[in-house]
Amino acid sequence: MKPFFIAVEGIDGSGKSTQTKLLAEKLEQNTVPFHHTCEPTKNPIGKMIREIFAGKQQADEYTIASLFLADRLEHILNPNDGILSFLDKNINVISDRYYFSSYAYHSVHVEMDWIIECNKKCTELLKPTATIFVDVSPEVCMERIKARNESLELYENLENLKKVRDNYYKSFELLKNKENIIIIDGNKSINEVSDSIWNSVKQFI
Ligand code: ADP
Ligand code: TYD
């Protein structure tokens, strides 16, 4: 079988990082070779993005969307640690966020069509085997984010998270014939959500 590439998506606080880590543990237990990665990446462009999110730098929303695109292209194509380099070696890849994050977050500020068009090269280079959307209400997410006691990032407020969640659904509707989208109820316990995700991913192993 071809190696799989799973993108885990959701609004801030939905439990993506928790779930991607648990998925990694399950793959390990089942001796499935994999690489665990995320966006924004830890590469120079990803670092620039994190500075903007922490409020240390400012940038226009078109610029921010374009930085994420540049970060993603490097994430896909970098010959040393790009996603394609792992898939070429038959190593499966799981990523905390991918292009649906761009569709959902940036279309609060700029046209969704433009973002989808900008990301066309990424869809040509690498479509996820499945995009797993961990769906949690924005209210619950905000409570979780506040309980984390870390300073809030640029897009982490209730009004924005509601818009982002709506935009995820708009983009799913728009692209449902071109993408494999799996929606998981993320309001349940951490273990229940993890089991649902595992049930979906098992078929690709
Ligand atoms: P994200 O990566 O989507 O921002 P995290 O995985 O960091 O989200 O989770 C945000 C917070 O919510 C963390 O403190 C985590 O322990 C908690 N959390 C995650 N999933 C659940 C869940 N299903 N039920 C309750 N709390 C959760
Ligand atoms: P996040 O997954 O929260 O990273 P970390 O846990 O390291 O803070 O991502 C940071 C923010 O980036 C989050 O608010 C979503 C946003 N984002 C975009 O706006 N566009 C994108 O294309 C991606 C991948 C993320």
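Note: the structure precedes this text.
Keep in mind it's a predicted model, so treat the numbers as computed, not measured.

Even after reading the chapter, I still don't get the pairing of strand S1 (residues 5-9), so can you show me in this structure?
When you tally the buried positions in S1, you get 5 out of 5 residues, the bulk of the element. Bridge count for S1 against strand S3 (residues 92-96) is 4 bridges, and the pairing is parallel. Considered in S3, the bridge of Val8 is made with Asp96. As paired strands, S1 and strand S4 (residues 130-135) are joined by 4 bridges and run parallel to one another. Looking across to S4, one finds that Val8 is bridged to Ile132.

Would you mind showing me how to read the layout of surface pockets here?
Over the atoms, a rolling probe the size of a water molecule traces out where space has been left empty. By volume, the largest pocket amounts to about 1,000 Å³. Lining the largest pocket are 43 residues, with Asp12, Lys16, Ser17, Arg97 and Arg148 positioned closest to its centre. The dominant element in the lining of the largest pocket, judged by the number of residues it contributes, is helix H1 (residues 16-29), at 5 residues. Grouping the constituent residues of the lining of the largest pocket by class yields 14 nonpolar, 14 polar and 15 charged.

Would you take a moment to explain the sheet that holds strand S5 (residues 181-185) for this structure?
Pairing between the strands of a sheet is mediated by backbone hydrogen bonds and can be parallel or antiparallel. The 5 strands lie next to each other as S2-S3-S1-S4-S5, forming an open sheet whose pairing is parallel. Sheet topology places strand S2 (34-38) and S5 at the edges, where each strand pairs with a single neighbour. Across the sheet, the mean angle separating the axes of adjacent strands is 20° when strand polarity is ignored. Relative to the sheet, helix H10 (residues 190-201) contacts S1, S4 and S5, its axis offset from that of S5 by approximately 160°.

I would appreciate a short explanation of the nonpolar core in the present structure.
Buried together is how nonpolar side chains tend to be arranged in soluble globular proteins. Counting residues in each nonpolar core, the largest one holds 56 residues, and the members touching the most others are Phe4, Ile6, Tyr98, Tyr168 and Ile197. If near-sequence neighbours (up to four positions away) are discounted, Ile197 is found in contact with Gln19, Leu23, Ile132, Val134 and Ile184.

Explain the site of ligand 1 to me, please; I cannot follow it from the model alone.
Near ligand 1, the surroundings consist of 14 residues, among which Gly13, Lys16, Ser17, Thr18 and Lys188 are the closest. A distance of 3.1 Å is found between an oxygen atom of ligand 1 and a side-chain nitrogen or oxygen belonging to Arg148. Sort the elements by how many residues they give to the shell around ligand 1 and H1 lands first, with 3 residues. When the residues that make up the shell around ligand 1 are grouped by side-chain class, the tally is 2 nonpolar, 7 polar and 5 charged.

Would you mind going over the pattern of salt bridges with me for this structure?
Any two side chains of opposite charge can pair, on the condition that their charged atoms come close. A full pass over the atoms with the stated rule returns 11 salt bridges. A salt bridge links Glu124 to Lys120; the nearest nitrogen and oxygen atoms lie 3.8 Å apart. In this pair, Glu124 and Lys120 are both assigned in helix H7 (residues 120-125), 4 residues apart and thus about one turn of the helix distant. Using a relative accessible area of 43% as the deciding quantity, one classes Lys120 as partly exposed. One connected set of salt bridges, linked through shared partners, spans Lys120, Lys121 and Glu124.

Just to check I follow, could you spell out the environment of Trp114 for this structure?
Inspection of the secondary structure puts Trp114 in helix H6 (residues 112-118). Put simply, Trp114 and Ala65 are 49 residues apart on the chain and 10.0 Å apart in space, counted from C-alpha to C-alpha. Filtering out sequence-adjacent residues up to four positions away, Trp114 remains in contact with Tyr62, Ala65 and Ser66.

Here is what the cut-offs are and how they apply
- Residues numbered from 1 in each chain as written.
- Chains lettered and ligands numbered in written order.
- Predicted model: local features only at pLDDT ≥ 70, side-chain atom pairs only at ≥ 80, totals over all residues.
- Heavy atoms only, no water.
- Buried < 20%, exposed > 50% of the residue type's maximum accessible area, 1.4 Å probe, protein only.
- Helix = DSSP H or I, 4+ residues; strand = E, 2+ residues; numbered from the N terminus.
- Pairing = 2+ DSSP bridges.
- 1 Å grid on protein atoms, 1.4 Å probe; cavity = no way out; pocket = protein on both sides within 12 Å on 5 of 7 lines; lining within 4 Å.
- Points joined across faces, edges and corners; volume = space filled by probe spheres on them.
- Nonpolar A, V, L, I, M, F, W, Y, C, P; charged D, E, K, R; others polar.
- Axes fitted to C-alpha atoms, helices over the stretch in contact; angles between N-to-C directions.
- Contact = heavy atoms within 4.5 Å.
- Core = buried A, V, L, I, M, F, W, Y, C linked by side-chain atoms within 4.5 Å.
- Near = heavy atom within 4 Å.
- Polar contact = N/O pair within 3.5 Å; in protein donor to acceptor, adjacent residues only side chain to side chain.
- Salt bridge = Lys/Arg side-chain N within 4 Å of Asp/Glu carboxyl O.

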